[in-house]
Every structure is written in structure tokens, then in C-alpha cells.
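These are the residues of each chain, in order.
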Amino acid sequence: MQILSFVAENEHSNIRQRQAEGIAAAKAKGVKFGRPPIPLPENFDNVYSAWKRKEITLRQAAAACNMPKGTFYGKAKKYEEYKFQEEAVMINKLIEKIRKTNAPIVVGLDPMLNYIPKHIQEKAFVEFGETLEGAAEAIWQFNKGIVDATYDLIPAVKPQIAMYEQFGIPGLQAYKKTVDYCKSKDLVVIGDIKRGDIGSTSAAYAVGHLGHVQVGSKKYAGFDEDFATVNPYLGSDGVKPFIDVCKEENKGLFILVKTSNPSSGEFQDRLIDGRPLYEWVGEKVAEWGKDHMGKEYSYIGAVVGATYPEMGKVLRKLMPKTFILVPGYGAQGGKGADLVHFFNEDGLGAIVNSSRGIIAAYKQEAYAEFGELNYADASRKAVETMIADIDGALQNR
């Protein structure tokens, strides 16, 4: 199994490398993202896929597209380059993975020590002592178990950086290991960092989490998440540096609009010219997104809490091309039936987060039969239950 895991991780690494090479080649030729580089027959994608799977020969593929073999082969190579760069635009990849898994959900990797089974803690403390390093090791092993048990069911994860920062530098190292491991499993990683500042400070946050920092003649990725959450309280000055980095790196944002916590209304519901503040913020997010589109949706998304479904309904109409990250499912009270208005008629437009409802599922009565030793199996079952709940709600709306 370890050999298979190693091979799989290296294959994902190779895919990402080829994507990066495809992007560089496309940019060098002036190719604009999201636009096919050449006109193609309507059946080309299906024929190309069958040929790549070796289900048909090159001659058969060319005949199916009514073109000579050499022409088909040349178009296939250009199409492959286009596909690599299209998949590298992260909102496109997220949507494609949601479609493939039929799971518009994200697992929040927000570990607290009291969530972590005793046998994992004890093993970490034997090796590192009851130290920050020991706590970080326990968190990392806990996360790894959950990812291994669920990665084939889900499109994305969302580690909350504060849960790691509380353990200092060792905690941040566990955060980085978690991000890298999830990406090796081809999961989209949403860094829940909720940064918000202005000017060079905002740019530094954006580079540290989504971009590459210049060190002498070389560039390095810092935390290297695929998306980040951003607090827009400081206005465009705080958001635009993140947008600039996303545009350069083909990544994305989820900007806080209406959050799931009970006191969010103290500011977010305040009326301005007769309308609540969250509506003004939602309109601004949609405006930012218009110029930063993926194939179907903008890579400038929004955060809207599941605990306020009626407000979500309004915001969905204000932001038709904005992908919405929906926290508050499960432990905070949100249910599948509450979430249907966050989605568009195409069944897309939203991704729902559950954190402790999944990662600490073994502590719940519904999954108590799994016990601490099988905590990851309990998490997998909780994911399956959540998928069924949301899918049932969408089917019956």
C-alpha cells in the first residue's frame, strides 16, 4: 500500500508539473486562459478522451473527427496544452472535481487537541513530549488519517490556520504538511486565513499564501494553498492585492460577505441607504468577479453562512456568477434543506463546509459505534451522510 501511495502522490506531482509547463507555454504564445486555442469539432473532446485511453486508434480518432491523422494529432497536442492550462485555473478545477464526485462539500480541517483520539496524542507525546512539537505531530497524524479516509469522496479541504497557529512554529509546520499532503491527493485546498490589510501588507499576505516570493534570483511558494478566505473590511485596498496574485497564479478567493456566527448581524445587517451592509459587500464581490472569470464562474468567490438561508437566497441573486463557500453546516445548525437557495439551477455555485461535524464525527452518538480507534472511518461515514443530505435536498427543491 505504501508503494501504491507513493506512486499516486508522484503521479499527482507530475500532473501539476505538466500543468505548470502548459501554463508557461500558453503564456509565452499569448494564449488567454479560458479560450480554446483552435476551432474543434463538437465531438473532439469525447474522441480525444477515447484515444488517450487507447480505446480507439489514431486512425479511428481522425476518421471520427473527419480529418487526416496528422491534422488530428496536431490539434490533439494543442488541445492537451489548452486542457492543462484550463485545469490549472483553480475555480475550473474545483467545479470539475465537484462534478466528478457529485459532492459540493469541503471538509474543514480545524483540529483541536480534544478532537484527537488519545492513542494518537500518546504516540506523539512519547516521541516529542508534551510540547508544541508533540501537539503539532498529533494534529498532523490526525489530519492525515481523515484525508486518507475521505479524499476519494470530496473535492476540497479547508484547513483553518488559527487552529495551527496556536501551537506556534511547529503548528504552522503541521499546517504546511497538511496543505502539501492534501495537494498530493489532488484535493483543492482552501486556506481559511481570513486576512485583511492594505498595501504592501495585504500583498505580502497574498504572496505568502497564494503566490511566490522572490529570494535573490529564485522564487518560492510559501504555504501554497489554492484559495484563501479574505476579510474585505478595509475595502478594495485590502482585496485587490489578493486578486492580483490570484490572476498571476491562477488561484482564487472567498471573500467574507455574510458569516454564520450569531453576532455577525451587529455590523453585517446594519442598514445603509435602506439596504443591509452584506448586500453592498455582495454586490462589490460580484463587481470584482466580473473581470476575473473562469470557464463558468468567477474565481473571486464569497463566504455566506448556512445559518442564514433567506439572506443566502438574496445574495445568490445578487451574485449569479460568484461561487459561494457556505460554512455552518451540521454542528452550527445548517441542514441540506436550508442550502438549496445557495445553489444555481445548474446545481453548482456553492460548496458547503463542515468541520467538527466530520473530523470529530466519532464523538457523536450517530457514529459512536466506530470508536476512537476508527475515528477516520466515522469521518468517512459522516461525509457520505452529508453528501446524501445535500444531494437529496437539491433533487427535491
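In this convention, every chain numbers its residues from 1, walking through the sequence in written order. Local features in this predicted model are restricted to residues of pLDDT 70 or higher, and side-chain atom pairs are both shown and tallied only at a pLDDT of 80 or more, whereas totals for entire chains, interfaces and linings draw on every residue. Side-chain measures here rest on the full set of heavy atoms in the structure, leaving out hydrogens and waters.

Visitor: I'd like a description of the sheet that holds strand β6 (residues 227-230), backed by residues and values.
Guide: For two strands to be treated as a pair, DSSP must find no fewer than two bridges joining them. Counting from the N terminus, the helices are the DSSP runs of H or I reaching at least four residues and the strands are the DSSP runs of E reaching at least two. The strand order around the closed barrel formed by eight strands is β1-β2-β3-β6-β7-β10-β11-β12, and the pairing between neighbours is parallel. Where strand β7 (residues 252-258) lies against strand β10 (residues 298-304), five bridges are found, and the strand directions are parallel. Pairing of I255 across the sheet is with A302, part of β10. This element, helix α13 (residues 277-290), spans β7, β10 and β11 (322-326) of the sheet and lies at about 160 degrees to β7. Contact between two residues is taken to exist if any of their heavy atoms lie within 4.5 Å; hydrogens are not considered. Axis geometry follows a simple rule: fit a line to the C-alpha atoms, using only the stretch in contact for helices, then measure angles between N-to-C directions, giving values from 0 to 180 degrees. The sheet strands contacting helix α16 (residues 375-395) are β1 (105-107) and β12 (350-354), and the helix crosses β1 at an angle near 155 degrees.

Visitor: Account for α13, naming residues and giving values.
Guide: A turn of α-helix holds 3.6 residues, and therefore any two residues three or four places apart point the same way. Given a rise of 1.5 Å per residue, 14 residues ought to cover 20 Å, and the 20 Å separating the end C-alpha atoms of α13 matches this to within 8%. Within the sequence span of α13, burial applies to Y278, E279, V281, G282, V285, A286, W288 and G289. Expected span, for any helix, means 1.5 Å times one less than how many residues it has. Here the term buried applies to any residue with accessible area under 20% of the maximum for its type, exposed to any over 50%, and partly exposed to those in between, with areas from a 1.4 Å probe on protein chains only.

Visitor: Pulling in residues and values, what's your account of the pairing of β6?
Guide: Residues in a regular strand project their side chains so that they alternate between the two faces of the sheet. Burial along β6 is two-sided: F227 and T229 facing one way and A228 and V230 facing the other are all buried. With three bridges joining them, strand β3 (residues 188-195) and β6 adopt parallel strand pairing. Bridge assignment links I190 to a residue of β6, and that residue is F227. Judged from the four bridges that link them, β6 and β7 form a sheet pairing that is parallel. In the sheet register, T229 faces β7, and the bridge partner there is F254. Note on handedness: a clockwise path from strand one over the helix to strand two, with the strands aimed away from the viewer, defines a right-handed crossover. Taken together, β6, helix α11 (residues 236-249) and β7 constitute a β-α-β crossover, and its handedness is right-handed.

Visitor: Lay out unusual backbone geometry with the relevant residues and their values.
Guide: With phi around 50 degrees, N102 is a residue other than glycine that occupies positive phi space. Tracing the backbone through its elements, the reader meets N102 in the loop between α5 (90-101) and β1. Not every positive phi belongs to a glycine, and K194 is a case in point at roughly 45 degrees. As for its position among the elements, K194 is in strand β3. Look at K194 and you get partly exposed, because its relative accessible area is 38%.

Visitor: Could you give an account of the packing of aromatic side chains, naming the residues involved and the relevant values?
Guide: Think of a pair of aromatic rings as described by two things: how far the centres are apart, and how the planes are tilted against each other in angle. Pairs were defined over the aromatic rings of Phe, Tyr and Trp, the Trp ring being its six-membered one, requiring ring centres within 6.5 Å. Orientation was assigned from the angle between planes: stacked under 30 degrees, edge-to-face over 60, tilted for the rest. The final tally for this structure, using the stated rule, is twelve aromatic pairs. Judged by centre distance (6.3 Å) and plane angle (15 degrees), the rings of F44 and Y48 are stacked. Taken together, the residues F44 and Y48, both in helix α2 (residues 44-52) and four residues apart, mark about one turn of the helix. Comparing F44 with Y48, the two get one shared label, buried. Among the aromatic residues, ring-to-ring pairing joins F44, Y48, W51, F72 and Y73 into one connected group.

Visitor: Residues and numbers for the packing of helix α7 (residues 132-150) against α16, please.
Guide: The description of two packed helices rests on the angle between their axes and on the distance between the axes. Contact geometry for α7 and α16: axes closest at 8 Å, N-to-C directions at 45 degrees. Classified by the interaxial angle, the pair formed by α7 and α16 is oblique. Read as a crossing pair, α7 and α16 show a hand that is right-handed. Between α7, through Q141, F142, G145, I146, A149 and T150, and α16, the contact on the second element is made entirely by Y375, A376, S379, R380 and V383. Working definition: roughly parallel below 35 degrees, roughly antiparallel above 145 degrees, roughly perpendicular at 65 to 115 degrees, and oblique for all remaining angles. Handedness of a crossing is defined here by the sense of rotation of the near helix relative to the far one, left-handed for an anticlockwise turn of less than a right angle and right-handed for a clockwise turn.

Visitor: Lay out a nonpolar patch on the surface with the relevant residues and their values.
Guide: A surface patch of nonpolar side chains, amounting to about 340 Å² of accessible area, comprises I198, Y233 and L234. In this fold, Y233 is placed in the loop between β6 and α11. Given a relative accessible area of 68%, Y233 falls into the exposed group. Note that patches include only residues with greater than 30% relative accessible area and no salt bridge, and the join distances are 9 Å for like charges and 5 Å for nonpolar side chains (Val, Leu, Ile, Met, Phe, Trp, Tyr). Note on areas: these come from Shrake-Rupley sampling with a 1.4 Å probe, and a residue is covered only by the protein chains present in the view. Here, a salt bridge means any Lys or Arg side-chain nitrogen found within 4 Å of an Asp or Glu carboxyl oxygen.

Visitor: Outline α5, supporting the account with residue identities and numerical values.
Guide: Over its twelve residues, α5 extends 16 Å from the first C-alpha to the last, a length consistent with the 16 Å expected when each residue adds 1.5 Å. Listing the buried residues of α5 in full gives M90, I91, N92, K93, L94, I95, K97 and I98. Note on α5: the residue one or two positions beyond its end, N102, has a positive phi of about 50 degrees.

The values reported here are purely geometric and, on their own, carry no functional implication.
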